[in-house]
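Notes for the structure review
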Protein chains: 2
Amino acid sequence: MSEFEFITRITKRLSRTANERRDARGEVAEKAPPDFVDIGPGDDAAVVRAPGGRVVATSDLLIEGRHFRRDWSGPYDVGRKAAAQNLADVVAMGARPTALLIGFGVPLETEPEWAERLYDGLRDECDLVGAAVAGGDVVRAPMVILAVTALGDLAGRAPLLRSGARPGDVVAVRGRLGFAAAAVGLLSRGRDAPAVLLDAHRRPRPPYAAGEEAARLGATALIDVSDGLVQDLGHIAAASGVSIDIDAAALPIAAELGAEGRTFVLTGGDDHAFAGTFPRETALPQTWRAIGHVVAGEGVTIDGRPHGLTGWDHFRQ
Amino acid sequence: MSEFEFITRITKRLSRTANERRDARGEVAEKAPPDFVDIGPGDDAAVVRAPGGRVVATSDLLIEGRHFRRDWSGPYDVGRKAAAQNLADVVAMGARPTALLIGFGVPLETEPEWAERLYDGLRDECDLVGAAVAGGDVVRAPMVILAVTALGDLAGRAPLLRSGARPGDVVAVRGRLGFAAAAVGLLSRGRDAPAVLLDAHRRPRPPYAAGEEAARLGATALIDVSDGLVQDLGHIAAASGVSIDIDAAALPIAAELGAEGRTFVLTGGDDHAFAGTFPRETALPQTWRAIGHVVAGEGVTIDGRPHGLTGWDHFRQ
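Residues numbered from 1 in each chain as written. Chains lettered and ligands numbered in written order. Predicted model: local features only at pLDDT ≥ 70, side-chain atom pairs only at ≥ 80, totals over all residues. Heavy atoms only, no water.

1. Some thoughts on the pattern of salt bridges
- Scanning the model with the defined rule gives 40 salt bridges over all chains in all.
- In this structure, arginine 189 of chain B and glutamate 260 of chain B form a salt bridge, with 3.3 Å as the shortest nitrogen-oxygen distance. Of this pair, arginine 189 of chain B sits in the loop between helix H5 (179–187) and helix H6 (195–202) while glutamate 260 of chain B sits in the loop between strand E11 (243–246) and helix H9 (261–267), and the two are 71 residues apart along the sequence.
- Taking the relative accessible area as the measure of exposure, glutamate 260 of chain B reaches 37% and is therefore partly exposed.
- Connected via shared salt-bridge partners are Arg9, Arg13, Glu113, Glu116, Arg117, Asp120, Arg123 and Asp124 of chain A. (Salt bridge = Lys/Arg side-chain N within 4 Å of Asp/Glu carboxyl O. Helix = DSSP H or I, 4+ residues; strand = E, 2+ residues; numbered from the N terminus. Buried < 20%, exposed > 50% of the residue type's maximum accessible area, 1.4 Å probe, protein only.)

Right, here's the structure in full:
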């Protein structure tokens, strides 16, 4: 199969989002471009609307064996997750995702069907937020490689940075914590993981509404929890020149996480919850859970004490 | 060296463009953000200006041993070339490049100095067009991997697509053709290549002004010549539903290309020249060379006859 045949085949998987709207029976109801993609795959570059006059852009490089395992996750879930983690980064800036670009490295022996299911996953995750795969590149590679770039629009708002937290702010999270890490903890010891954990590992469900909601609520900082809560709050603390104190009793530690639940919640990434800081007087809706507060100083403490926990280092692990 | 230490080190190489302006002696003259990057590396995502209300976006995945060889090119040239080929794709839409995102896969044994030189190359190529590296991702990988995304702005103009060529249009090229392919032809046979060819292979010099110039001249289609002139004109022909006839006598075949010059010019990529179609009455400046014309039909011919040439297939070669 040549490059062009392969690209044609996987590009077709994107057409539901890129070119068609389907009715409830799956029939093509209308041909319409997605909201933001003016020029999709097939030219020298894509053209994506940026109505706010600025574009939010982020990219991740995912390598088989390091960031995903084909024996732990099927292609559809790899696609969903690869899209999710980049869409979540756009949302963490307070923006609405508009498009993905996908660089896809394909081993010679890869079945076209495997690639098609991967692109189905990318497309379906994009559909959750009204974004679409707008372009990319397909090359031969020694292992599966996914280079995902996500774009987003701020609708004229200021971005929610890591650097805006101020002493007195409330720290709150929205989304699940520790589920994916608990699954990996079990799988890497060769043990079965309960379905709820396995699902969380294979297909994170970032609460995508969190970004625009946090912006509306007046958040002073926002981050996607991908390296672990303590480490990611540490990024906010460092960027803002403040300290963050976590209230251990307020942490959402789900029973499903088992005996090590507290550690998974504090150090596990990959659930793509969002952590933000809000002015003290903010009336937080129930979707957000207050777990601590911002104080003068530096670093992250738990109940006022040093935590001694280490987070995720993509180089060492 | 941890991920954060490594990222801090390479991010510093970007600071000349991202944060500082230097005077003639290399001293920091002023701290200023680059023209288009509002938020650069260090947050969940970058924020890049898109004053035209749309963003042009393209990405390439480059894998060591396949797209570059560390024994043929040093890190600085790998960086220059990786940036150039993506900036050229933005220019081929008639847009001005604004920013790059870099996904960088790093083998464990890679010297930090090698990575720094790579980022120097990325930065310096961006400087040629007023763009900057706005963000990205660094991960451990079994070989060097570069995932490059380039963004650009159309300043409110319509993009120059592959699909706009019309019978009667003149076909013209701007930039060198065949130089990089001639170098690879010699190197892959274990022979020395003259400096002018070697330089062309290591560090393409796309004529970046070509995109906005073509737009001003009223080009009906534009493409970055990366797969070979015949194949890339074939993309315009297919997308536009027309045929393109090349006038063999008009081809710019440089003497340095040697006995196989004609083949290198017709099938060699990687010089990142631009090929466009223009209404017949266009007064082309000397920077553009007319090499053929658009006729009704399909495919690409040379002097009215089928060419029998094959172009570059990234999967097969």
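2. Focus on the relation of the copies chain A and chain B
- Each copy of the sequence occupies a distinct position, and chain A is placed on chain B by a rotation of 180° and an axial shift of 0.0 Å, giving an RMSD of 0.0 Å. Such a turn and shift between the copies fits a two-fold axis. In terms of proximity to the rotation axis, the leading residue of chain A is glycine 53 of chain A, whose C-alpha is 2.5 Å off the axis.
- When you check the interface residues of chain A against chain B, 100% turn up at the interface there too, and the contact is symmetric in its surfaces. (Least-squares fit on C-alpha atoms with pLDDT ≥ 70 in both. Contact = heavy atoms within 4.5 Å.)

3. With respect to the sheet that holds strand E9 (residues 170–174) of chain B
All names here are of chain B.
- Read across the open sheet, the seven strands follow the order E10-E12-E9-E13-E11-E14-E15; overall the sheet is mixed. The strands lining the two open edges of the sheet, one partner per strand, are strand E10 (221–225) and strand E15 (305–306).
- Looking at chain direction, E11 and strand E14 (residues 299–302) are connected through four bridges and run parallel. Opposite serine 243, over in E14, you have glycine 299 as the bridge partner.
- Running at roughly 170° to E10, helix H3 (residues 75–91) makes contact with E10 and strand E12 (273–278) of the sheet. (Pairing = 2+ DSSP bridges. Axes fitted to C-alpha atoms, helices over the stretch in contact; angles between N-to-C directions.)

4. Some words on the nonpolar core
- Counting 50 residues, the largest nonpolar core has Leu100, Ile102, Phe104, Tyr119 and Leu146 of chain A as the members making the most contacts within it.
- Sorting elements by how many residues they give to this core places helix H3 (residues 75–91) of chain A first, with eight residues.
- If sequence neighbours within four positions are ignored, leucine 100 of chain A has contacts with Ala83, Leu87, Leu122, Cys126, Ala132, Val133, Ala134, Gly135, Val148, Thr149 and Ala150 of chain A.
- If you look at the next biggest cluster of nonpolar residues, it comprises 49 residues, including Ile39 and Ala45 of chain A together with Val106 and Cys126 of chain B. (Core = buried A, V, L, I, M, F, W, Y, C linked by side-chain atoms within 4.5 Å.)

5. Details of the packing of H3 of chain B against helix H4 (residues 112–127) of chain B
All names here are of chain B.
- In the contact formed by H3 and H4, the axes pass within 7 Å of each other and the chain directions differ by 35°. As for how H3 packs across H4, the hand of that crossing is right-handed. Two secondary-structure elements touch here, H3 through Pro75, Tyr76, Val78, Gly79, Arg80, Ala82, Ala83, Ala84 and Leu87 and H4 through Trp114, Arg117, Leu118, Asp120, Gly121, Leu122, Asp124, Glu125 and Cys126.
- Residues belonging to the contact of H3 with H4 are distributed by class as follows: eleven nonpolar, two polar and five charged. (Left-handed = near helix turned anticlockwise from the far one by under 90°. Nonpolar A, V, L, I, M, F, W, Y, C, P; charged D, E, K, R; others polar.)

6. With respect to the side chain of threonine 277 of chain B
Residues and elements named next belong to chain B.
- With respect to the secondary-structure elements, threonine 277 resides in strand E12.
- Assessed through its relative accessible area of 0%, threonine 277 is described here as buried.
- Engagement of the side chain of threonine 277 in a polar contact is seen with the side chain of threonine 220, the distance being 2.6 Å.
- Once residues within four sequence positions are removed from consideration, threonine 277 is found in contact with Ala165, Asp169, Val170, Val171, Ala219, Thr220, Ala221, Ile236 and Val294. (Polar contact = N/O pair within 3.5 Å; in protein donor to acceptor, adjacent residues only side chain to side chain.)

7. Thoughts on the interface of chain A and chain B
- Taken together, the contact between chain A and chain B spans 65 residues of the former and 65 residues of the latter.
- A combined buried area of about 5100 Å² lies between chain A and chain B, and 62% of that area is made up of carbon and sulfur atoms.
- Connecting chain A to chain B are six salt bridges.
- Aspartate 38 of chain A is paired through a salt bridge with arginine 54 of chain B; the nearest N and O atoms lie 2.7 Å apart. (Buried area = accessible area lost by both parts, 1.4 Å probe.)

8. Focus: H6 of chain B
Residues and elements named next belong to chain B.
- Turning to H6, its buried residues are Leu197, Leu198, Ala200 and His201. The buried residues of H6 occupy an angular sector of 160° when the element is viewed end-on, so they sit on one face.
- In this structure, the buried side of H6 is in contact with H3 and H5. (Arc of directions from axis to C-beta.)

9. Observations regarding the sheet that holds strand E7 (residues 132–140) of chain A
- One open sheet accounts for six strands, arranged E7(A)-E6(A)-E8(A)-E5(A)-E4(B)-E3(B); its pairing is mixed. Among the strands making up the open sheet, the edge pair consists of E7 of chain A together with strand E3 (37–39) of chain B. Along the sheet, successive strands turn relative to each other by an average axial angle of 25°, direction set aside.
- In the sheet, strand E5 (residues 54–63) of chain A pairs with strand E4 (residues 46–49) of chain B via four bridges, with the strands oriented antiparallel.

10. Focus on the packing of helix H1 (residues 3–13) of chain A against helix H4 (residues 112–127) of chain A
All names here are of chain A.
- Relative to each other, H1 and H4 sit at 35°, their axes nearing to 8 Å. Here H1 and H4 pass one another in a crossing that is right-handed. Here Phe6, Arg9, Ile10 and Arg13 of H1 lie close against H4, whose contacting residues are Pro112, Glu113, Ala115, Glu116, Tyr119, Asp120 and Arg123.
- Residue composition of the contact of H1 with H4, by class: five nonpolar, no polar and six charged.

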